[in-house]
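Residue-level listing of the chains:
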Amino acid sequence: MALSPEARSLAARCEPRVNELARRMAREAFEELPGYAELPDDVKDLEVAATVRHGVRLFLRRVSEPDLVQPGSNRQ
């Protein structure tokens with residue numbers, strides 16, 4: 001499915017805010033998960049936020065450059 005130029009533009013504007021988004025997700029959105037609130041703050045701030053940051057960046061790059069083949073992907 002082809003993405004619109006507007007979707008690519010939105011992804012490009014979100015890229016600089018990935019750190020903020022990852023922190024917000026690690027602090028707010030995931031708090032609803034059972035047991036998440038009991039995790040140490042450094043785990044939430046570092047490990048979980050880093051994982052979220054990586055996933056969001058991969059998503060945004062895929063949206064902004066749909067034909068880009070990532071190392072390790074199954075795309076030819």
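Relevant structure appears above.
Structure report, in brief. Since we're looking at a predicted model, the values are computed, not measured. (Residues numbered from 1 in each chain as written. Predicted model: local features only at pLDDT ≥ 70, side-chain atom pairs only at ≥ 80, totals over all residues. Heavy atoms only, no water.)

All right, on to the overall build of the protein then. Check the secondary structure of the protein and you find three helices and zero strands. Secondary structure elements in the protein, listed N-terminal to C-terminal, are α-α-α. A total of 76 residues make up the protein; the buried ones form 17% of that total. Carbon together with sulfur atoms contributes 57% to the accessible area of the protein, which is approximately 5,800 Å² in total. (Helix = DSSP H or I, 4+ residues; strand = E, 2+ residues; numbered from the N terminus. Buried < 20%, exposed > 50% of the residue type's maximum accessible area, 1.4 Å probe, protein only. Areas by Shrake-Rupley, 256 points an atom, 1.4 Å probe, with all protein chains shown as cover.)

Another aspect to go through is the pattern of salt bridges. Under the counting rule described, the total for this entry stands at five salt bridges. K44 is the partner of E31 in a salt bridge, and the nearest nitrogen-oxygen pair spans 3.4 Å. In this pair, E31 is assigned in the loop between α2 (18-27) and α3 (41-64) and K44 in helix α3, connecting sequence segments 13 residues apart. Given a relative accessible area of 4%, K44 falls into the buried group. One salt-bridge network, held together by shared partners, links E15, R57 and R61. (Salt bridge = Lys/Arg side-chain N within 4 Å of Asp/Glu carboxyl O.)

To continue, consider α2. Considered for burial, the residues of α2 that qualify are V18, A22 and A26. Here the buried residues of α2 occupy an arc of 65° about the axis, which is enough to place them on one side. Elements that come into contact with the buried residues of α2 comprise α1 (5-14) and α3. (Arc of directions from axis to C-beta. Contact = heavy atoms within 4.5 Å.)

One can describe the packing of α2 onto α3 by two numbers: an axis separation of 8 Å at closest approach and a directional angle of 130°. When the interaxial angle is binned, α2 and α3 end up oblique. Between α2 and α3 lies a crossing of right-handed hand. When α2 is examined against α3, the residues V18, N19, L21, A22, M25, A26 and R27 are found in contact with a partner set consisting of D41, K44, D45, V48, A49, V52, R53, V56, R57 and L60. Of the residues assigned to the contact of α2 with α3, the class counts are ten nonpolar, one polar and six charged. (Axes fitted to C-alpha atoms, helices over the stretch in contact; angles between N-to-C directions. Parallel < 35°, antiparallel > 145°, perpendicular 65-115°, else oblique. Left-handed = near helix turned anticlockwise from the far one by under 90°. Nonpolar A, V, L, I, M, F, W, Y, C, P; charged D, E, K, R; others polar.)

As a further point, take the nonpolar core. A11, V18, A22, A26, Y36, V48, A49, V52, V56, L60 and V63 together form the largest nonpolar core, which totals eleven residues. Elements represented by at least two residues in this core include exactly α2 and α3. The element that contributes the greatest number of residues to this core is α3, accounting for six residues. If we ignore the near neighbours within four places in the chain, the residues touching V63 are L3, A7, R8 and A11. (Core = buried A, V, L, I, M, F, W, Y, C linked by side-chain atoms within 4.5 Å.)

Read these as geometric descriptors, not functional statements.
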